[in-house]
Number of protein chains: 2
Amino acid sequence: MSYPHPELAPPPPLPDEGLRVVALGGLGEIGRNMTVFEYGGRLLVVDCGVLFPESDQPGIDLILPDFRYLEGRLDNVEALVLTHAHEDHIGAVPYLLRERAGIPLVGSKLTLAMMRSKLAEHRITPEVVEVKEGTTGTFGPFECEFFAVNHSIPDALAVAIKTRAGVVLHTGDFKMDQLPLDGRLTDLAGFARLGAEGVDLLLSDSTNAEVPGIVRSERDIAPVLGDVFAQADQRIIVACFASHVHRVQQVLDTAVRHRRKVAFVGRSMVRNMGVARDLGYLHVPGGLLIDLREAEEMPPGDVVLISTGSQGEPMSALSRMAGRDHPIRIAAGDTVILASSLIPGNETAVYRVINGLTRLGARVVHKESSLVHVSGHAPAGELLYLLNLVRPRNFMPVHGEWRHLRAHARLASLTGVPDERIVIAEDGVVVDLVGGKAAIAGAVECGYVYVDGLTVGEVTESSLKDRRILGEEGFVSVIMVVDTSSGKVVGGPEIHARGSGIGEMAFEEVLPKVEDALARATADGISDAHALRQLARRVIGKWVSDTYRRRPMIIPVVVEV
Amino acid sequence: MSYPHPELAPPPPLPDEGLRVVALGGLGEIGRNMTVFEYGGRLLVVDCGVLFPESDQPGIDLILPDFRYLEGRLDNVEALVLTHAHEDHIGAVPYLLRERAGIPLVGSKLTLAMMRSKLAEHRITPEVVEVKEGTTGTFGPFECEFFAVNHSIPDALAVAIKTRAGVVLHTGDFKMDQLPLDGRLTDLAGFARLGAEGVDLLLSDSTNAEVPGIVRSERDIAPVLGDVFAQADQRIIVACFASHVHRVQQVLDTAVRHRRKVAFVGRSMVRNMGVARDLGYLHVPGGLLIDLREAEEMPPGDVVLISTGSQGEPMSALSRMAGRDHPIRIAAGDTVILASSLIPGNETAVYRVINGLTRLGARVVHKESSLVHVSGHAPAGELLYLLNLVRPRNFMPVHGEWRHLRAHARLASLTGVPDERIVIAEDGVVVDLVGGKAAIAGAVECGYVYVDGLTVGEVTESSLKDRRILGEEGFVSVIMVVDTSSGKVVGGPEIHARGSGIGEMAFEEVLPKVEDALARATADGISDAHALRQLARRVIGKWVSDTYRRRPMIIPVVVEV
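Attention in this report is confined to the structure presented alongside it. (Residues numbered from 1 in each chain as written. Chains lettered and ligands numbered in written order. Predicted model: local features only at pLDDT ≥ 70, side-chain atom pairs only at ≥ 80, totals over all residues. Heavy atoms only, no water.)

### Let's talk about helix H3 (residues 109-121) of chain B
In an α-helix there are 3.6 residues to a turn, and that puts residues three or four apart on one side.
Residues and elements named next belong to chain B.
Reasoning step 1: Helix length check: H3, at 13 residues, gives a terminal C-alpha distance of 19 Å against a target of 18 Å (1.5 Å per residue), a fit within 8%.
Reasoning step 2: Looking only at H3, the buried set comprises Leu110, Thr111, Leu112, Ala113, Met114, Met115, Ser117, Lys118 and Leu119.
Reasoning step 3: As for H3, its buried residues are in contact with helix H1 (87-90), helix H2 (93-99), strand S6 (105-107), strand S7 (128-130), helix H6 (245-257) and helix H7 (267-278).
Reasoning step 4: Where H3 terminates, the next one or two residues include Arg123, which has phi positive at roughly 55°. (Helix = DSSP H or I, 4+ residues; strand = E, 2+ residues; numbered from the N terminus. Expected span 1.5 Å × (residues − 1). Buried < 20%, exposed > 50% of the residue type's maximum accessible area, 1.4 Å probe, protein only. Contact = heavy atoms within 4.5 Å.)

Okay, structure coming up:
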């Protein structure tokens, strides 16, 4: 298998009739999926998602793919194909469209509808091209064929991209539920046909490549929900992802059977379910829905709330209920169902919510205690089916951290893809398909682009490093006022500290040491601000380290008057 | 079931012949287990462990039980019974012995040996009373009987505490592996006999109460290790907990079969395995062990490293190997086995290590991909056995977050313990066993005590709140120098910021606003430091919020000269 060398050079020019593949996100991480295909100087982009920050990226709202690779070439982008409407596939579109508003967005009906409704919040009206499984569309030199795939959101597509360099199949996110709620199966027959015609490069979803076996059907959740509803006589709250139309459908169906009314809670839940209902993807019997205000007034045994917040997001309604900071007051006998995955990194937050709700007397049902969630991604058993049906000449695992990509590469190897035609790449690695063979050709710069508040890309790794130190250790600042004419310290030193855990009184102990050091420096004719800062930093740093064995950020400041 | 009311009052005096039970840790959390029993004015303590901090307790090294409840009564403590030598049961002992060095420590041979070796690092020589399963010991009014229990460390004990108030059984941590490596079974016959005699109150380990079924045997790991070793021709590294003698034993046995030498890596691993070997709990064939230096020199295919760092601890050898910051250079073909649990909250760190190792070409085997770990705690199926054998008159789930305690309470209810005799308490809640009935009698203050560097209890919730804000948003400080004689601002305003993600140049925009505001204040005769600080805070805070939609900590400083 080919691995990217840690110090790859920029790639040579793409040979004629070669196809270049560069992921700007999604390789080496779960999220911000974005792959750029280049042929004959023209570009086709598949997906443009966001990544959610981890704990070592504090204060960050979102992470975008690094668009620098497209700099100066945005006009060459023929289209942006959106495989489905999850945030990790469409979340960065508003930011890309800021760079060039006219990029045509290609996707299925529901994907485009959810995309438009999201873009409307950003006051962007996109150009769109609606496509359907089983159809083709041509975008510059790229002939695309779309295939139905089953996932945890309806109307997802895989896309085959055909150029004179060969046929590439990009699965998007998929699984192979054989009894999907909407009857829309992953198009294995289509993949088999395409495989028979010859697939030169397969890019396939690696998220669950480490998980053995196949997924349980979404349908298997219904009887579990039924059981839980049957046992509940007070309020029921179901938390799930705001785009999981089929999960919500099953909750609605169960609510009808148990004669409960339903209210949606959370802006994205209300927005997406509105879209899904309008387009006929969500079937809502008349009179079932009520609004939250009405739900608060009704007897708890008559309502179901369907809410966001399944990942323990601190500002979500569910977290606020768990902390008694919401009009809905959780009481003994209430039932909360977390009908969702638990995204790694969110465990502490989610368990805090579960414990908070439990402490208030609620019964909390979650995926570790009951079958109230099935994954949206094909595990190893299903990935093998796909590999065997498509029989690709070259294989490149996508959508995953290194552990997932490598596990998926091993599956490909086991099905007979030659190891030298399996390419494990990461973000920014350039893979060229030339003469029927895919190989790493180099790498381009590809970093994290942080959205924090209103800014994009302004918060840097160095700010984050500062935040990590401040967050772990706090800071101690020492302020000295120097009279530039006399060269003397005329004010301070004053010490201010936050988060250091060192009491104000304790600094009385070190102040004389700083004063002494400053006095000696002045006596030696040292009044240079830089030298004084160094001096104060050294004295205080040593004292803190010796006394407390801690390393707060030490910030010496010289104000000149 | 009884729940603690959120606003419990301090308890009334304990009635004569009543037994008081107060957990100072371990109820509402996994860790810092410590339970205080009181009878006739005398105290018996069971365990004294530490809790490891979560992400919202940044910079904290350890969390201790709150010893305030024992203030002024330490001389009444007859003994501290240690059920086993895990950190969450013995880690806070050095801190308790600082308060009163002479508290007798009661425990099994291995527990006391590991405890002594840990205390030696703190330069403490404890008084110890070694006990054995099947024996009894009397400590003041407390007659204790000890029972063998099987856990993920050898020589663990449960303890029955008998007073005239009744018989209490505290399981400590346990599971019921029916084929334990050392043949030392959890003493179900003993529990049955005690149950037949009558157990008035059962305190039982709730960690796995949400997990259905029973545990796989520790033995089942051996063939999996064998398979992985057989497939490996380069270096093998096994990471596991430093106290898991049986896990290490199985790795040693597998290494012997595959003709590899073994080196221990990590201070606590070396220390504990030395103790276990000396006492005969770990069987090490002669010539098997080498030191790390030798291992570095040998052909990778001839060695196994057994290392700490299975939880992704950033300074551990394993994390440093994953980041290429260790003499052992991971290369393609190496195999790393994470033979341990994944403690909730550590996922991000552990997956980072796995991804780092994978990226360097190692095969990483972990519990999600292979049976290389079994839990040390009884799941629901085994807890039911215990409840049915003991048939306690009252039940109090211990060792767990709310979700675990409640799940365990439900199991007790299902086995027939009357709901009004099931007490769910949390840290500091006072449970009195009087006249054969256990009930909540009140609550005492019980907070988190933070160890940070060399200090204990000095870092407060308010420091942590500051750290959280600083860590998420950074800070912006503005310094003004005021001449007290003229009341004029003679230096500054100067702005210094770290971690705010706002570039230095950007502050040029707000400085004039601050200067204007200060000038107007001065013109109005305002030179009071507090007023000037408020003014600067308001101007900068508004500007940051409007321009960036962020909320860094704003720290205005007035230096008077």
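Alright, that's what it looks like, and here's the rest.
### Quick notes on the pattern of salt bridges
Reasoning step 1: The full count for this structure, using the stated rule, is 60 salt bridges over all chains.
Reasoning step 2: A salt bridge links Arg359 of chain B to Glu426 of chain A; its shortest N-O distance comes to 2.4 Å. Taken as a pair, Arg359 of chain B in helix H10 (residues 347-359) and Glu426 of chain A in the loop between helix H12 (402-414) and strand S19 (429-434) lie in two separate chains rather than in one.
Reasoning step 3: Overall, Arg359 of chain B belongs to the partly exposed group, its relative accessible area being 32%.
Reasoning step 4: Note that Arg550 of chain A and Asp452 of chain B form a salt bridge whose closest N and O atoms lie 3.5 Å from each other. Of this pair, Arg550 of chain A sits in the loop between helix H15 (529-548) and strand S25 (553-560) while Asp452 of chain B sits in strand S21 (residues 449-452), placing the two residues on different chains. (Salt bridge = Lys/Arg side-chain N within 4 Å of Asp/Glu carboxyl O.)

### A few points about the environment of Ala230 of chain B
Reasoning step 1: Looking at the element boundaries, Ala230 of chain B is found in helix H5 (residues 221-231).
Reasoning step 2: As a C-alpha pair, Ala230 of chain B and Arg257 of chain B span 27 residues in sequence and 9.8 Å in three-dimensional space.

### A closer look at the pairing of strand S14 (residues 261-265) of chain B
Residue and element names in this part refer to chain B.
Reasoning step 1: Burial of S14 is extensive: 4 of the 5 residues sit out of reach of the surface.
Reasoning step 2: Where S14 lies against strand S15 (residues 303-307), 5 bridges are found, and the strand directions are parallel. Each residue of the ladder has a partner; that of Lys261, found in S15, is Val303. (Pairing = 2+ DSSP bridges.)

### Concerning the relation of the copies chain B and chain A
Reasoning step 1: Mapping chain B onto chain A calls for a screw motion: a turn of 180° about the axis and a shift of 0.0 Å along it, with 0.1 Å RMSD after fitting. What the rotation and shift describe, once combined, is the action of a two-fold rotation axis. Identified as the residue of chain B closest to the rotation axis by C-alpha distance is Gly471 of chain B, at 1.8 Å.
Reasoning step 2: Mapped onto chain A, 100% of the interface residues of chain B again fall at the interface, so both copies present the same surface. (Least-squares fit on C-alpha atoms with pLDDT ≥ 70 in both.)

### Points about the interface of chain B and chain A
Buried accessible area, meaning the area lost when the parts come together, often serves as the stated size of an interface.
Reasoning step 1: Of the residues lining the interface, 66 residues belong to chain B; the matching set on chain A comes to 66 residues.
Reasoning step 2: Taking both sides of the interface into account, the surface hidden between chain B and chain A amounts to around 5,600 Å²; carbon and sulfur atoms contribute 54%.
Reasoning step 3: Looking only at chain B, the three residues that lose the most surface to chain A are Arg359, Arg403 and Leu454 of chain B, adding up to 11% of its buried area.
Reasoning step 4: Between the two partners, chain B and chain A, sit 10 salt bridges.
Reasoning step 5: Seen at the junction of chain B and chain A, the total is 28 residue pairs in polar contact (both at pLDDT 80 or more).
Reasoning step 6: Elements that contribute at least two residues to the side of chain B that touches chain A include exactly H10, strand S17 (363-366), helix H12 (402-414), helix H13 (461-473), strand S23 (475-483), strand S24 (488-498), helix H15 (529-548) and strand S25 (553-560) of chain B.
Reasoning step 7: Top contributing element to the side of chain B that touches chain A by residue count: H10 of chain B, with 8 residues.
Reasoning step 8: For the side of chain B that touches chain A, the residue count by class is 21 nonpolar, 20 polar and 25 charged. (Buried area = accessible area lost by both parts, 1.4 Å probe. Polar contact = N/O pair within 3.5 Å; in protein donor to acceptor, adjacent residues only side chain to side chain. Nonpolar A, V, L, I, M, F, W, Y, C, P; charged D, E, K, R; others polar.)

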